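Structure at a glance
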Amino acid sequence: MEMKVNNIKGSGIILAKIRRFGGFMSGMVMPNLGAFVGWGLMAALFIPNGWLPNEALNELVGPILNYVFPLLIGYTAGYNIHGQRGGVIGLFASMGVIVGSDITMISGAMVMGPLAAWVLKKFDQAIEGRIKPGFEMFVNNFSLGIIGALFCILAFLSVGPAIRGLVAVLTAGVQWATENHVIPLLSVFMAPAQVLFLNNVVNHGILAPIGYAQASELGKSIMFLVDTNNGPLLGTLFSIALFGRGKAKNTAPMAMFIAGIAGIGEVYFPFVLGNPIMLFATMGGLSVSLYLQVLLGGGLIGVASPGSLINIALMTPRDAIFANFVSILAGFVVSAVIGMFLLKTFGSGEESLDDFNVSGRKVKSVANFAKNVQNSTVNTVDRVIKKIVVACDSGMGSSALGASVLKKRLKNEGYEDIEVVNSSANKISSDADMVVTLESLMERAKISSKNDKVSFIAINNFLKDEDYDDTIKIIKERNQKGKANAITQEKVFSFDETILNIDNILVNQDYTNVEDAIKACGEILVERNYVLEDYIEQMIERNKRLPVYVGNHVAIPHGLEDSNHIIKKSGVSIIQVPKGVHFSNGEIAYVFIGVAGKDNSHLNILSILSEVLSDEENIQKIRQAKSAAEILDIFKKNS
């Protein structure tokens, strides 16, 4: 039994790592997906063999693909790691891979952008607090400039040999598969080459010459249907349109149209870059499609350019119509089925785009639940101030000086443990407890802040010590009251039998939809005299506004902000659903935990729940429990 639990835990850790990597990749690509779609439409219309050929407008297509996209990716990747400074150095370093290669270097930007930003972040952390007031701007600019220049040069010198080596490997693989008559294995080399934007190199440099030689003898060649075969690409996009998330799910149908009808397959590549596991869907569909082409005698008489379904049909000889139709359709179906399986098993890779909300604070998964709920357990006016952002227009000049003045003032007042950072008013950190800025910048700071619990303090002069008097006064009041409140809450709230007992737990239940499961949670709370019956409708309404699924196959339905008047006392209900219940975002919940908190105590209840649910092993135990007593015991031991 212990070995089984360890195996489950081990597989859960591996799955979590895969999802984190997918989320990291997705965070670079998906914010820019709209630009890829826009470019795809322009290419489909204005390239020489497009729908509305235009020589002047066609001049935009190449530079956008080769310069704008890698720079967007590099900036976004760097920004995700180290904010504005990370974005700037990520873009700077990405220019090295662009100039150092004669192909589209999105993949190179995905490496150099985050790497340069990470190094800069480590440097900034190493020198934090060691720079004399007045020299912050000087050090910030020169450190970014020097490190950025080094990475740009490194990228320029290294990317060329790396790409040539990769192309050599792909070329050798294609030639080997062709010579040994194992054409379906071309998918192993072609699918990765496509998403790395090496498709044109492989297609026109390797496959096309072989194809024309075969076509001159046989009147057709399968080689023309390796890269331009739209079936697997469309099948992968179809699975994302059904079971993906966020921008990927919403944009996939348009990408299918551009790739299938307009023949611009490049719009598909970002979807796989954002979730690399989906490469196997395309690879599987392409291998099946190639196998059927060999078996049935498929092929084209020449390169279908652009590779739309229409052009493929026009380039299909009469004796290959059936073979091409069947093979492309099979490639679509197989890649779609594999894609659906991968998305259901490993997730969409967009965890960062599918946040859920707990009392106005966005968190990403049950793994982050404890930290975020804990930070929300004190009312805004009672929360301890732990981090202060001093914000100016640029985030480098006057705010840096102001941060130094405030740090010194806090040190003299005995608050050395409070973190003080400077920032642009447009880039307020989401974990800030207080923002100090000029009155003229107040609205910009409020708009950029993603934390509705933060306090904003207006000052007139960053350098005047007395301008921070009100700030210090508020800190003293908040930190003293917040700490006292936290201590009181810690003593009062726990999972005793009045909140959770064996009668509040159901096991081995089955529901056809989410609403029925939420109703069942609410009915327990009603029957146990925790809430009035109206609370059930509020739980359902809460899920409509924002799904109550919180990750790791757990859902936590609760009421709205104004539910207090229909809550009699605090209570928790737990329902185990072995077959699971499907949410609209494609996730499945096997555990539903209904929460009712009297007088805002739901925040403390959520905090206790998070301590249990942040451990994946506990969740597995709850899912596999055979009785309510087993589940209750898990919460007693961990609360």
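Residues numbered from 1 in each chain as written. Predicted model: local features only at pLDDT ≥ 70, side-chain atom pairs only at ≥ 80, totals over all residues. Heavy atoms only, no water.

**Quick notes on the sheet that holds strand β8 (residues 549-551)**
Taken in spatial order, the five strands make up an open sheet running β7-β10-β11-β9-β8, and their pairing is mixed. Only two strands of the sheet have a single neighbouring strand rather than two, namely β7 (505-506) and β8. Pairing between strand β10 (residues 571-582) and strand β11 (residues 588-596): eight bridges, direction antiparallel. Counterpart to His582 in the pairing with β11 is Ile588. Helix α19 (residues 514-527) contacts β7, β10 and β11 of the sheet and is inclined by roughly 155° relative to β10. (Pairing = 2+ DSSP bridges. Helix = DSSP H or I, 4+ residues; strand = E, 2+ residues; numbered from the N terminus. Contact = heavy atoms within 4.5 Å. Axes fitted to C-alpha atoms, helices over the stretch in contact; angles between N-to-C directions.)

**Overview of the sheet that holds strand β3 (residues 387-392)**
The four strands are arranged β4-β3-β5-β6 in an open sheet whose pairing can be described as parallel. Strand pairing shows two members of the sheet lacking a second neighbour, β4 (419-424) and β6 (455-459), which therefore form its edges. Across the sheet, the axes of successive neighbouring strands diverge by a mean angle of 25°, strand direction being ignored. Where β3 and strand β5 (residues 434-438) come together, four bridges link them in parallel fashion. Bridge assignment links Ile388 to a residue of β5, and that residue is Met434.

**Quick word on the environment of Glu523**
Among the structural elements, Glu523 can be located in helix α19. The spacing of Glu523 and Glu533 is 10 residues in sequence and 7.7 Å in space, taken between C-alpha atoms.

**Concerning the pairing of β3**
Counting buried residues along β3, six of its six residues qualify, which places the element largely inside the surrounding structure. Alternating positions in β3 separate into two faces, Lys387, Val389 and Ala391 on one and Ile388, Val390 and Cys392 on the other, with burial throughout. Pairing geometry for β3 and β4, over six bridges, is parallel. Across the sheet, the residue bridging to Lys387 is Glu419, located in β4. (Buried < 20%, exposed > 50% of the residue type's maximum accessible area, 1.4 Å probe, protein only.)

**Digging into the nonpolar core**
Counting 48 residues, the largest nonpolar core has Trp39, Ile73, Ile106, Ile264, Phe271 and Met278 as its most contacted members. The biggest single contributor to this core is helix α10 (residues 246-262), with seven residues. Taken together, domain 1 (54-128 + 138-180) and domain 2 (182-349) each give at least three residues to this core, which thus spans both. Excluding residues within four positions of it along the chain, Trp39 makes contact with Val61, Ile64, Leu65, Phe69, Ile264, Glu266 and Val267. Of all hydrophobic cores here, the second largest spans 34 residues; its members include Ala93, Phe151, Val159 and Leu286. (Core = buried A, V, L, I, M, F, W, Y, C linked by side-chain atoms within 4.5 Å. Domains from an automatic or database assignment.)

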